[in-house]
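The residues making up each chain are set out below.
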Amino acid sequence: MRVTLLEQPGLEPTGGRPLVDSFGRTISYLRVSVTDRCDYRCVYCMSEQMSFLPRKEVLSFEEIDAIVSAFVARGVSKLRLTGGEPLVRRDIADLVDRLGRHLGDGLEELTLTTNGSQLRRHAARLAQAGVRRLNVSLDTLDERRFAEITRRGRLGDVLDGIDAAVEAGLGIKINMVAMRGVNEDEIEPMLHWAHGRGFGLTLIEGMPLGEVGLDRVDTYLPLKQLRERLAQRYTLVPTDHRTGGPARYDQVAETGGRIGFITPMSHNFCESCNRVRITCTGTLYMCLGQDGMVDLRAAIRDGGPDALDAALDRAMLLKPRGHDFVLDRSHAGPALSRHMSVTGG
Ligand code: SAM
Ligand code: SF4
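For clarity, every value in this text was computed on a predicted model and none was experimentally measured.

Chemist: Explain the site of ligand 2 here, please?
Modeler: Around ligand 2 sit Cys38, Tyr40, Arg41, Cys42, Cys45, Met46, Gly84 and Asn115, and that is every residue in its neighbourhood. For the shell around ligand 2, the per-class residue count stands at five nonpolar, two polar and one charged.

Dropping the structure here:
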């Protein structure tokens, strides 16, 4: 049933009207891609020869802050910085400091998703700015395989970055894209490693976003089946733990840790979607898997705060019911030409 923006019962915005889409979903979670650039070229995310946007097209820190402030005023309580690799953006810690001032003033959580390569340099400052936990992407614990998957990364840098984050008191969740024939055999070792260190582990199904260097059909590993297999060896107890994202979690009795499953391909959870994403050029995408967008950069550059607010209302009317990813031999190409690194994972 479609409902209009102001028909939502019991919604108390912190500032302006709450952000409610035409399917009645309240948007409380914003992901901001601060750069489309990255020091890695993961095979499922980018092509070997990626081209990146000219720097002048990228939002300034002031513009990002203005946009984030508008979202927080309309009830967004959770903010995740991502990319590309957020920690390769110059002076990123200044942006995190700046955004951290919203914490306790509408914003409840400020987090990042990172490949971890630059964490040693940044961990302490992130913690000082009010970041409490990070998602670190790590698909393998094997050095050679790591270099192959990332096409240029060094596993040691990431492990050292994770150590630095732990020393700074940051909570860690490991994100692992599960790929048949690539790292499927490492899921159990990763589970033991992550839980042994007190980290959560979330497995992700590869999504058909952008032309990359991987056969997405061959490497697709349905996590529903994988969970059934794990359940034969471990006691998986479903929990209602939520982090605001799309993962569904089980407690693993044998390791005492939590495992999450993000299953956009085998089971999407679009009906409870509470998120929107902004690219580093200020394009607001209401769905990771659809093309509908609203240009927030034009709104702030040409119109100011009122135009920005009106653009957010427009976006709520345009947010689609969900994505419709299909992956088989007859749909082997990308569902969208836009890479995950552009929209922000
Ligand atoms: N560079 C950072 C990182 O790797 O954590 C942040 C950006 S990255 C795009 C965010 C997340 O998206 C990572 O966990 C990555 O593994 C995941 N990802 C990238 N491309 C994907 C795809 N096609 N399907 C599923 N997950 C993907
Ligand atoms: Fe870079 Fe993250 Fe994409 Fe890997 S997944 S290429 S680290 S943006």
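So much for the structure itself; the text now carries on.
Chemist: Please explain the packing of aromatic side chains as it appears in this structure.
Modeler: Here the distance between the centres and the angle between the planes together describe a pair of aromatic rings. Tallied over the entire structure, the rule returns two aromatic pairs. Note on Tyr40 and Phe146: the rings are 5.8 Å apart at their centroids and 85° apart in plane angle, and the pair reads as edge-to-face. A residue pair is termed long-range when its members are at least 10 positions apart, and Tyr40 in the loop between β1 (29–33) and α1 (61–73) and Phe146 in helix α4 (residues 143–150) qualify at 106 residues. With respect to burial, Tyr40 and Phe146 carry one shared label: buried. In this structure, Lys78 packs its charged tip against the face of Tyr29, placed 4.7 Å from the ring centre.

Chemist: Help me out: how do you make sense of the sheet that holds β1 in this one?
Modeler: Two modes of strand pairing occur in sheets, parallel and antiparallel, and in both the strands are linked by backbone hydrogen bonds. The mixed open sheet is built from 12 strands, whose spatial order is β7-β8-β9-β6-β5-β4-β3-β2-β1-β10-β11-β12. Bordering the open sheet on either side are β7 (236–238) and β12 (293–295), each of which pairs with just one other strand. Averaged over neighbouring strand pairs, the angle between their axes works out to 25° when direction is ignored. Strand direction decides the pairing type here: β1 and strand β10 (residues 275–278), joined by four bridges, are parallel. Paired with Tyr29 across the two strands is Arg275, which belongs to β10. Running at roughly 170° to β1, α1 makes contact with β1, β2 (78–82), β10 and β11 (283–285) of the sheet.

Chemist: What is the right way to look at the site of ligand 1 in this model?
Modeler: Surveying the vicinity of ligand 1 reveals 19 residues, the closest of which are Tyr44, Gly84, Glu85, Ser137 and Met207. Relative to its free-state accessible area of 540 Å², ligand 1 is covered by the protein chains to the extent of 96%. When contributions to the shell around ligand 1 are tallied by element, the ones reaching two or more residues are β3 (109–114), β5 (171–178) and β6 (200–205).

Chemist: Help me out: how do you make sense of empty space enclosed by the protein in this one?
Modeler: To find the voids left in a structure, one rolls a probe of water-molecule size over its atoms. Evaluated as defined, the whole model comprises two cavities of 30 Å³ or more. Reported here for the second largest cavity is a volume of approximately 80 Å³. For the lining of the second largest cavity, the elements supplying multiple residues, two or more each, are β5 and α7 (216–219). By residue class, the composition of the lining of the second largest cavity is eight nonpolar, two polar and one charged.

Chemist: Explanation requested: the nonpolar core in the structure shown.
Modeler: Looking at soluble globular proteins, one finds that nonpolar side chains tend to be buried together. Counting 90 residues, the largest nonpolar core has Phe71, Leu81, Leu284 and Leu296 as the members making the most contacts within it. When residues in this core are grouped by element, the largest group, seven residues, is from α1. Met207, Leu209, Met265 and Leu288 belong to the second largest nonpolar core, which has five residues in total.

Chemist: Before we go on, may I ask you to explain helix α5 (residues 155–167) in this structure?
Modeler: Every α-helical turn comprises 3.6 residues, leaving residues that sit three or four positions apart pointing alike. Under the 1.5 Å per step criterion, the end-to-end length of α5 is 19 Å for 13 residues, consistent within 8% with the ideal 18 Å. Along α5, the residues that are buried comprise Leu155, Val158, Gly161, Ile162, Ala164 and Ala165. At its buried positions, α5 is contacted by α3 (119–128), β4 (133–137), α4, β5 and α6 (187–196). Immediately beyond the C-terminal end of α5, within one or two residues, lies Gly169, with a positive phi of roughly 85°.

Chemist: How should α4 be read in this particular structure?
Modeler: Looking at α4, one finds that the buried residues are Phe146, Ile149 and Thr150. Burial along α4 is one-sided: seen end-on, the buried residues are contained in an arc of 85°. Exposed positions of α4 whose direction lies more than 90 degrees from the buried face are Arg144 and Glu148. Where α4 is buried, its residues contact α5. The N-cap of α4, judged by a side-chain oxygen 3.2 Å from the amide nitrogen of Arg144 a few residues on, is Asp142. Looking at the residues trailing α4, positive phi occurs at Arg151, about 65°.

Chemist: I keep staring at the pattern of salt bridges and nothing clicks. Help me out?
Modeler: When the charged atoms of two side chains with opposite charge come close together, those side chains can pair. Applying the stated criterion across every chain yields a total of 24 salt bridges. Taking the shortest distance from any N to any O, the salt bridge between Asp160 and Arg120 comes out at 2.9 Å. Here the residue Asp160 occupies a position in helix α5, and Arg120 occupies one in helix α3, the gap between them amounting to 40 residues. Residue Asp160 is classed as partly exposed on the basis of its relative accessible area, which comes to 32%. Assessed through its relative accessible area of 39%, Arg120 is described here as partly exposed. The network of salt bridges with shared partners includes Arg17, Arg74, Asp309 and Asp313.

Rules of the game
Residues numbered from 1 in each chain as written. Chains lettered and ligands numbered in written order. Predicted model: local features only at pLDDT ≥ 70, side-chain atom pairs only at ≥ 80, totals over all residues. Heavy atoms only, no water. Near = heavy atom within 4 Å. Nonpolar A, V, L, I, M, F, W, Y, C, P; charged D, E, K, R; others polar. Phe/Tyr/Trp six-rings, centres within 6.5 Å; stacked < 30°, edge-to-face > 60°. Helix = DSSP H or I, 4+ residues; strand = E, 2+ residues; numbered from the N terminus. Buried < 20%, exposed > 50% of the residue type's maximum accessible area, 1.4 Å probe, protein only. Lys NZ or Arg CZ within 6 Å of the ring centre and 35° of its normal. Pairing = 2+ DSSP bridges. Axes fitted to C-alpha atoms, helices over the stretch in contact; angles between N-to-C directions. Contact = heavy atoms within 4.5 Å. Areas by Shrake-Rupley, 256 points an atom, 1.4 Å probe, with all protein chains shown as cover. 1 Å grid on protein atoms, 1.4 Å probe; cavity = no way out; pocket = protein on both sides within 12 Å on 5 of 7 lines; lining within 4 Å. Points joined across faces, edges and corners; volume = space filled by probe spheres on them. Core = buried A, V, L, I, M, F, W, Y, C linked by side-chain atoms within 4.5 Å. Expected span 1.5 Å × (residues − 1). Arc of directions from axis to C-beta. Polar contact = N/O pair within 3.5 Å; in protein donor to acceptor, adjacent residues only side chain to side chain. Salt bridge = Lys/Arg side-chain N within 4 Å of Asp/Glu carboxyl O.

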